[in-house]
Amino acid sequence: MSSVSNAARPKTAVVIEDDADIRALVVQVFQSAGLETTAVANGLDGVEAVIQHQPVVTTLDVSMPGIDGFETARRIRRVSDTIIIMISALSDEADVVLGLGSGADEYVIKPFRPRELRARIEAALRRANHGAPPPEETVAPTPEPEPPAAATPGVDNGEWDVHRALRINIPTRTVVVAEKEIDLTRTEFDLLATLIESKRRVRSKSDLTLVLRGDDAGASYYVGEADKRAVETHMANLRRKLGDNANDPEFIETVRGVGYRLTS
């Protein structure tokens, strides 16, 4: 085991892109954001680079020789929780949905503006820092405590927020439904935490896009249709994992034409 703590390790990024000019541009954007960057030209090398460097964020082209970006994302997701930003000239809704369903956290359509990509990268870093576990401490052993009582709506449950059969601990990024822990991606957890904190206030797709970028104070840059479709896809995946039915929701309801909020 390495003696270097996570806090001491430099943040790294991996760029997977077969176009040399775009690859160089993305590397420049990453380096300007202060990340040590490794760049490769195909999906197989990209998976190996992610395994070797364990980057905090990875950008991924879709149309590449060998395995395409969709399959590359699936393979990366099996071995890493790196934030995946998929960059593609494919802009159809089906392509966006497929990319997000393959494991990408964001989908950026070419041509893109370096400033926007930089903003998304910085938002990804903020989210990664927000979800990082606290540093390990050496403490004296203590007697094993009694198991805590189950959380109950209307009762002070410490760090837990409760909504029906759903419990969420935001500091530890833990979600439990009907006493079963649910494994969510960073994006899915951030969406759920935002809705929990907003209670019955409706959050629009544009609003949620800005929250995921780390800018819920205002629209500092453009929110496009691909961003809104991304939120829809992440929300569908979140509902599936929670066992929630969009037509008869227990936890999250759709306010048609507006956005999402918790059920009453």
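Read on for an overview of the structure. (Residues numbered from 1 in each chain as written. Predicted model: local features only at pLDDT ≥ 70, side-chain atom pairs only at ≥ 80, totals over all residues. Heavy atoms only, no water.)

## Examining the overall build of the chain
Line of reasoning, step 1. In terms of regular secondary structure, the chain is built from eight helices and twelve strands.
Line of reasoning, step 2. For the chain, the proportion of its 264 residues judged to be buried stands at 46%.
Line of reasoning, step 3. Of the contacts made within the chain by residues no fewer than 6 positions apart, 57% connect residues no fewer than 24 positions apart. (Helix = DSSP H or I, 4+ residues; strand = E, 2+ residues; numbered from the N terminus. Buried < 20%, exposed > 50% of the residue type's maximum accessible area, 1.4 Å probe, protein only. Contact = heavy atoms within 4.5 Å.)

## Observations concerning the environment of R74
Line of reasoning, step 1. Looking at the secondary structure, you find R74 in helix α3 (residues 69-79).
Line of reasoning, step 2. A relative accessible area of 31% places R74 in the partly exposed class.
Line of reasoning, step 3. Spatially, the C-alpha atoms of R74 and G103 are 5.9 Å apart, while their sequence positions differ by 29 residues.

## Some details on the sheet that holds strand β5 (residues 106-109)
Line of reasoning, step 1. Strand order in the open sheet formed by five strands is β2-β1-β3-β4-β5, with parallel pairing between adjacent strands. Every interior strand has two partners, whereas the edge strands, β2 (36-40) and β5, have only one. Here the strands of the sheet are splayed against their neighbours by 20° on average, with no regard to which way each runs.
Line of reasoning, step 2. Pairing of strand β1 (residues 12-16) with strand β3 (residues 57-61) involves four bridges; the strand directions are parallel. (Pairing = 2+ DSSP bridges. Axes fitted to C-alpha atoms, helices over the stretch in contact; angles between N-to-C directions.)

## Considering empty space enclosed by the protein
Line of reasoning, step 1. According to the stated counting rule, one finds one cavity of 30 Å³ or more in the structure shown.
Line of reasoning, step 2. In this model, the largest cavity occupies a volume close to 110 Å³.
Line of reasoning, step 3. Along the walls of the largest cavity sit 13 residues, with E106, T209, L212, D227 and A230 positioned nearest its centre.
Line of reasoning, step 4. For the lining of the largest cavity, the element with the most residues is helix α8 (residues 225-242), which contributes five residues.
Line of reasoning, step 5. Per-class residue counts for the lining of the largest cavity are five nonpolar, three polar and five charged. (1 Å grid on protein atoms, 1.4 Å probe; cavity = no way out; pocket = protein on both sides within 12 Å on 5 of 7 lines; lining within 4 Å. Points joined across faces, edges and corners; volume = space filled by probe spheres on them. Nonpolar A, V, L, I, M, F, W, Y, C, P; charged D, E, K, R; others polar.)

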